[in-house]
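Report on the structure
Each chain, letter by letter, is given below.
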Amino acid sequence: MAKQDIPKAYEAKEYEDSLYSAWEKSGFFNPDNLSGEPFSIMMPPPNVTGVLHLGHALENTLMDSMIRYQRMRGRKALLLPGTDHAAVATQARVEKNLMEQGIANPREHYGREKLLELIRAYSEESKATILSQIKKLGTSADWSRLAYTFDEQRSRAVNEMFVRMYHDGLIYRGYRVVNWSVKGQSTCSDDELVYVDRASKLYTFKYSKELPFTIATTRPETKLGDTAIAVHPSDERYKQYVGQVFDVEFGGNQLKLHVIEDEHVDPTFGTGALGVTPAHSPIDFEMYERQKALGNDIGLIQVVGVDGLMTQVAGTAYVGKTVEEARELVVAMLREKNLLVSEEEIEQSVGTSDRFGDIVEAIPMTQWFVAVNKEIPGRGKTLKELMKEAVAVGHNGDRDQKVEITPERFENSYYQWIDNLRDWCISRQIWWGHRIPVWYKGAEVFCGEHPPEVQGWTQDADTLDTWFSSGTWTFSTLGWPDTDTDFETFHPTSWMQMGYEILFFWMARMILMSTYALDQIPFKQVYIHGMLRDKNGQKFSKSLGNGIDPLDVIEAYSADALRYSLVTGVTPGNDSRFYEEKVEAAQRLVNKLWNISRFILTSVETIEHGKAFKELTPTTLADRWILSRLVRLEEEVSEHMQTADFSQASEKLREFTWNDFADWYLEASKSQRSDESTKTSTDAILVYVLEHLLTYWHPIMPFVTEQIWSYFVDEELLMAHAWPVMRMIDLDLDAEKEMVQLQALIGAIRTIRSENNVAPKQKVNVVIIGGVVLNEDEERSKFIKALAGVNDLNSADVLGDTINVASTVVGSMQVCVSLEGLVDKEAEQVKLSKQYEETLVYIKSLEGKLANETFVSKAPEHVVAGMKQNLADAQKKALTINEQLTSMGL
């Protein structure tokens, strides 16, 4: 291998774009050019509503690290990229932009087709931007298979899914209470609500003085629409009233209040009696339905309209008022009539629209729903049951038939969510999105992409919930409803990652769609990651001004430094902290790898790439040790990568790179290479270890490793190189054990040198008392001398008459370093005297606190124990310094 002309510094900007272009041109992103067992990852499609953020950067790093590893392990690896049209989010963003330009009501101003044209233009521009940014991270996706949730193929799949579910009776149009965003003028599902804590009031009142019930509510204005009072069947206090109907004048309205029994009422909460408002509570609406099924129609009164104002049936005193205004009027009425029992300040969690930000109203409307509790024709099971069966709690069962969630605790969360799942409202009153494929012609209804006759049909105006289309992602991206080669090869997805915040939004929907349409799980393994936070544990947000643009980080440092810093310290399911200091540390590691490689590639001449193994003849302890450590590294990193423990993999690699290889073997190699008897073997080991190390680093830090690899050989890309498995070399436990002892000895000598300010180039004389005999062991002696800056090294039973000696104990050995002529004795005395005085002051302070009985009796036990330990440590330090001063004649 000829010496290489490699720049001293790694300038990432000079290489990253050209490297990514070379990867793309190679064709290895496309699994059609690969062989082996299929391994697939479907990229969670980023919304076309903005630009790359840290969350995208984390997800792309996780996905790309996994797919690069699997590709190097010989898999037919597919990372399929895509973007999400993000219906509500995208329309909300465009409408907000237009309103900021002075257009008060964009829908009214432009009309459907023109507004859709503007949204489409915005989404295409945003999509192109975010895809180019994903490439900056090094994501090795197959761009020939790029998918978009709103393209022709995905639209076909969405329509097919709707039609099948409609004809199976699983999609229906019904009148139910839904979540309504007044600001967005659209429904939103339960999972799309963002709960916000706010100050509120809990009002306890009576409908009338004669009525024997006291009710509590935070929304007195909705009580104008109450139709019943519910109690628990076991509550003896109200047994006599069950089945009765009370006519009550309330706020100018005549209410008929049915006293009903319902198992869902908590008899221990409040008075145990619940005012039932079927029109403005999903729970109350279900009570209404249960009563109706029993033949008791308690009625439904809608007092809040879609405009957020009180309706005509709320009464003449309230019609047209906002809910806040109506609340004040109702409370004033209760006070005036002495019906208000109490008024309590409370903290309340209210549901808000995740996209429009307003507090949602529960309103009865005719909408489209997916029935989760209805039996599927010919299957004998409900969608809920299919969703439950798909996940293996505790990672039990047939792994090919069950979804494995990491970490496991989210499996139980998933089950709890399924248990509480209600019929899913899938219709939205926005224009951007998949339009519901249902057509009307008089009393006729047709479900399909196009009606049989063009004339006279009108399509349903609503669009589908984004998560309906996203739910088909794992198989619509592979050509479904056609089941061609891609589908057969790559479904179910091998591995999927996502944040815990969309566990129920997306993961559950994909399981629902896949188990229903295909009778297959959508993916085999799901890796749940947490949220990235700043160094103080706060969420990144514009309002806090703590946002970090990942592209700025790449520009300032490198993509590899960003990738490494993102996975460091990340554990499945837990939030992690990200800050610039982590990136700075990561860049130092990138530079370290570059410098190590540069040293080897500019020094070694005789060993050719790929032929180092033939020259491996480990002759020294350091040789045997580093190869044993490499075997251990391969085992650990392979296991961590296979189980998606990227943080541990990166940490093991960092430890080996910086500590084992750079700090120890590389330093040892300098003296070994000066000896002709060990030079060739040392060079072979340097090249062999570097080749392996670059390969193991590549999935996490692809750019710098690929660039270094190019100096080895031109005709092979590292991304396509086989993952080295260390089958030909065994662990050498004896070498590892002995090396630990030598490292401790060298570390002790280095510490004494540092503490006594011995210059790096100055040699010291060392005597080792007890433990090992080094006088006759030339190799070990040479190793210690080279790495610890030692001139004479001897073993002895006792230390002779030597002045100015610093010593320390390492295991059963005493390491004695002669400082004679190496230390400015006067300066050292001044330094030690100062340390001694400071330590005595500290001891006196601790003794004073511990002598204070009041302090000791009131302070926590761990504080007192810690203080006692600090005192013992300080006293020991003072004794050591005093001994040093005494040895100097003071």
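All of the points below concern the structure found in this document. Note that the structure is a prediction, hence the values are computed from the model and not measured.

What counts as what
- Residues numbered from 1 in each chain as written.
- Predicted model: local features only at pLDDT ≥ 70, side-chain atom pairs only at ≥ 80, totals over all residues.
- Heavy atoms only, no water.
- Axes fitted to C-alpha atoms, helices over the stretch in contact; angles between N-to-C directions.
- Helix = DSSP H or I, 4+ residues; strand = E, 2+ residues; numbered from the N terminus.
- Parallel < 35°, antiparallel > 145°, perpendicular 65-115°, else oblique.
- Contact = heavy atoms within 4.5 Å.
- Nonpolar A, V, L, I, M, F, W, Y, C, P; charged D, E, K, R; others polar.
- Pairing = 2+ DSSP bridges.
- Buried < 20%, exposed > 50% of the residue type's maximum accessible area, 1.4 Å probe, protein only.
- 1 Å grid on protein atoms, 1.4 Å probe; cavity = no way out; pocket = protein on both sides within 12 Å on 5 of 7 lines; lining within 4 Å.
- Points joined across faces, edges and corners; volume = space filled by probe spheres on them.
- Salt bridge = Lys/Arg side-chain N within 4 Å of Asp/Glu carboxyl O.

The geometry of helix H15 (residues 559-567) relative to helix H20 (residues 702-712) is characterised by a closest axis approach of 7 Å and an angle of 130 degrees between their N-to-C directions. Between H15 and H20, the angle falls in the class oblique. Along its contact with H15, which presents Ala559, Asp560 and Arg563, the element H20 presents Pro702, Phe703 and Val704. Broken down by class, the residue content of the contact of H15 with H20 amounts to four nonpolar, no polar and two charged.

The strands making up a sheet associate through backbone hydrogen bonding, with each pair oriented either parallel or antiparallel. The three strands lie next to each other as E19-E18-E20, forming an open sheet whose pairing is antiparallel. Where the open sheet ends on each side, the last strands, each with one partner, are strand E19 (444-447) and strand E20 (458-459). Here helix H5 (residues 152-167) sits on the sheet and contacts strand E18 (438-441) and E19; the angle it forms with E19, its principal contact strand, is near 130 degrees.

Bringing the pairing of strand E28 (residues 805-810) into the picture now. Sheet analysis places E28 next to strand E29 (residues 813-818), joined by six bridges and oriented antiparallel. Among the inter-strand pairings, Ser807 is bridged to a residue of E29, identified as Cys816. Following E28, the chain reverses through two residues before pairing antiparallel with E29; Gly811 in that reversal takes a positive phi of roughly 65 degrees.

Our next topic: the sheet that holds E29. In spatial order, the strands read E27-E26-E29-E28; together these four strands make up an open sheet with mixed pairing. The open sheet terminates on both sides in strands that have one partner only, identified here as strand E27 (790-796) and E28. The average undirected angle you get between the axes of adjacent strands in this sheet is 20 degrees. Direction of pairing for strand E26 (residues 764-769) relative to E29: antiparallel, over a ladder of five bridges. Bridge pairing in E29 places Val767 opposite Cys816.

Take unusual backbone geometry next. Looking along the chain, the bond that leaves Thr406 and enters Pro407 is cis, with omega of 0 degrees. The residue Pro407 is located in the loop between strand E15 (404-406) and helix H9 (409-419) in this model. A cis amide bond links Trp480 with the next residue in sequence, Pro481, at an omega value of 20 degrees. With respect to the secondary-structure elements, Pro481 resides in the loop between helix H11 (473-476) and helix H12 (485-490). One non-glycine residue with positive phi stands out, namely Asn338, at about 60 degrees. On the basis of relative accessible area, Asn338 is assigned to the exposed category, the value being 63%.

Take empty space enclosed by the protein next. This structure, assessed with the given rule, holds one cavity of 30 Å³ or more. Approximately 60 Å³ is the volume found for the largest cavity. With three residues, strand E6 (residues 186-188) is the single largest residue contributor to the lining of the largest cavity. Residues belonging to the lining of the largest cavity are distributed by class as follows: three nonpolar, four polar and three charged.

Another point: the side chain of Arg509. Tracing the chain through its elements places Arg509 in helix H13 (residues 503-517). Ignoring anything within four residues of it in the chain, the contact list for Arg509 reads Ser189, Asp191, Trp417, Trp424, Trp467, Gly471 and Phe504.

This paragraph deals with the layout of surface pockets. The volume enclosed by the second largest pocket comes to roughly 1400 Å³. What lines the second largest pocket is a set of 46 residues, among which Thr218, Arg219, His280, Ser281 and Gln348 lie closest to the centre. Those elements that place two or more of their residues in the lining of the second largest pocket are strand E7 (193-205), strand E8 (215-217), strand E12 (274-276), helix H6 (282-293), helix H7 (323-336), strand E13 (340-353) and strand E14 (361-370). Within the lining of the second largest pocket, the residues separate by chemical class into 18 nonpolar, 19 polar and nine charged.

On inspection of all chains with the given rule, the structure shows 47 salt bridges. A salt bridge links Glu160 to Arg164; the nearest nitrogen and oxygen atoms lie 2.8 Å apart. Of this pair, Glu160 and Arg164 both sit in helix H5, four residues apart, which is roughly one turn of that helix. Given a relative accessible area of 28%, Glu160 falls into the partly exposed group. Between Arg327 and Glu221 there is a salt bridge whose closest N-O contact spans 2.9 Å. With Arg327 in helix H7 and Glu221 in the loop between E8 and strand E9 (228-231), the pair connects residues that are 106 residues apart, well separated along the chain. Arg327 gets classed as buried once you look at its relative accessible area, which sits at 17%. Exposure remark for Glu221: the relative accessible area of 0% places this residue in the buried category.

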